[in-house]
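# Examination of the molecular architecture
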Amino acid sequence: MKEHIRKRVLDICEHILNTNETVRQAASVFGVSKSTVHKDMIERLPEINKKLALKVKNVLETNKAQRHIRGGEATRKKYKEKNQPLTTDI
């Protein structure tokens, strides 16, 4: 593995562990795609440090479990900003 990739993987890992950010948020901070961050954390990090990989995996799984809640909050915020009541007609 090239040294700059190894450094990026460890930097992103440290960032995610410190902030509990999502893959998308970390990708934005580091200026890479979410696919790159995901590949770095799931495939490359275990090759470098298995203990860190397990810690990051726990953070990512927690974020994944909570994403439906964040999506609902984003939708409520969107409609609140448009000053339109959120309808529940189904």
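Residues numbered from 1 in each chain as written. Predicted model: local features only at pLDDT ≥ 70, side-chain atom pairs only at ≥ 80, totals over all residues. Heavy atoms only, no water.

### Observations regarding the overall build of the protein
Here is the rule we go by: Put simply, DSSP H or I for four residues or longer makes a helix, DSSP E for two residues or longer makes a strand, and each gets a number counted from the N terminus. Between the two quantities, the radius of gyration covers C-alpha atoms and the globule rule is 2.2 Å times the number of residues to the power 0.38.
Tallying secondary structure elements over the protein gives 4 helices and 0 strands in all. From first element to last, N terminus to C terminus, the protein shows the α and β order α-α-α-α. Taking 12 Å as the expected radius of gyration for a compact globule of 90 residues, we find that the protein reaches 17 Å, considerably beyond that expectation. Along the first, second and third principal axes, the C-alpha set of the protein runs to 55 × 25 × 20 Å.

### Digging into the packing of helix H1 (residues 3-19) against helix H3 (residues 34-48)
Formally: Between N-to-C directions, angles span 0 to 180 degrees; the directions come from axes that are lines fitted to C-alpha atoms, helices contributing only their stretch in contact. Throughout, the term roughly parallel applies to angles under 35 degrees, roughly antiparallel to angles over 145, roughly perpendicular to angles from 65 to 115, and oblique to all others. We call two residues contacting when some pair of their heavy atoms lies within 4.5 Å. Each residue is assigned to one class: nonpolar for Ala, Val, Leu, Ile, Met, Phe, Trp, Tyr, Cys and Pro, charged for Asp, Glu, Lys and Arg, and polar for all the others, Gly among them.
Two elements in contact, H1 and H3, have axes whose closest approach is 9 Å; the angle formed by their N-to-C orientations is 105°. Considered as vectors, H1 and H3 are oriented roughly perpendicular to each other. In contact with Ile-5, Arg-6, Arg-8, Val-9, Leu-10, Ile-12, Cys-13 and Ile-16 of H1, H3 contributes Thr-36, Val-37, Asp-40, Met-41, Arg-44, Leu-45 and Ile-48. Looking at side-chain class alone, the contact of H1 with H3 contains 10 nonpolar, 1 polar and 4 charged residues.

### Section: the environment of Lys-2
Here is the rule: Burial classification: accessible surface area is computed with a 1.4 Å probe over protein chains only, and a residue below 20% of its type maximum counts as buried, one above 50% as exposed, and the rest as partly exposed.
Topologically, Lys-2 is positioned in the segment before H1. The class for Lys-2 is exposed, based on a relative accessible area of 57%. Expressed as a C-alpha distance, the spacing of Lys-2 and Leu-60, which sit 58 residues apart in the sequence, is 25 Å.

### Concerning the side chain of His-15
Cut-off, in case you're wondering: Polar contact is defined as a pair of N or O atoms within 3.5 Å, subject to the rule that within protein one atom must be able to donate a hydrogen and the other to accept it, and that residues adjacent in sequence are counted only when both atoms are side-chain atoms.
With respect to the helices and strands, His-15 occurs in helix H1. A distance of 2.6 Å separates the side chain of His-15 from the side chain of Glu-21, its partner in a polar contact. Apart from the residues within four sequence positions on either side, His-15 is in contact with Asn-20, Glu-21, Ala-26, Val-29 and Phe-30.

### Here's the deal with the environment of Glu-3
Along the chain, Glu-3 turns up in helix H1. Spatially, the C-alpha atoms of Glu-3 and Asn-63 are 29 Å apart, while their sequence positions differ by 60 residues.

### Regarding the packing of H1 against helix H2 (residues 23-30)
Angle between the axes and distance between the axes: these two values describe a pair of packed helices. For clarity, the cut-off: Crossing handedness is read from the near helix: turned anticlockwise from the far helix by less than a right angle, it gives a left-handed crossing, and turned clockwise, a right-handed one.
Running from N to C, H1 and H2 point in directions that differ by 130°, and their axes come no closer than 10 Å. Compared by their axis directions, H1 and H2 come out oblique. Pair H1 / H2 crosses with right-handed handedness. Contact residues: H1 offers Asp-11, Ile-12, His-15 and Ile-16, while H2 offers Ala-26, Val-29 and Phe-30. Taken together, the residues of the contact of H1 with H2 sort by class into 5 nonpolar, 1 polar and 1 charged.

Everything listed here is a matter of geometry and, on its own, says nothing about what the molecule does.
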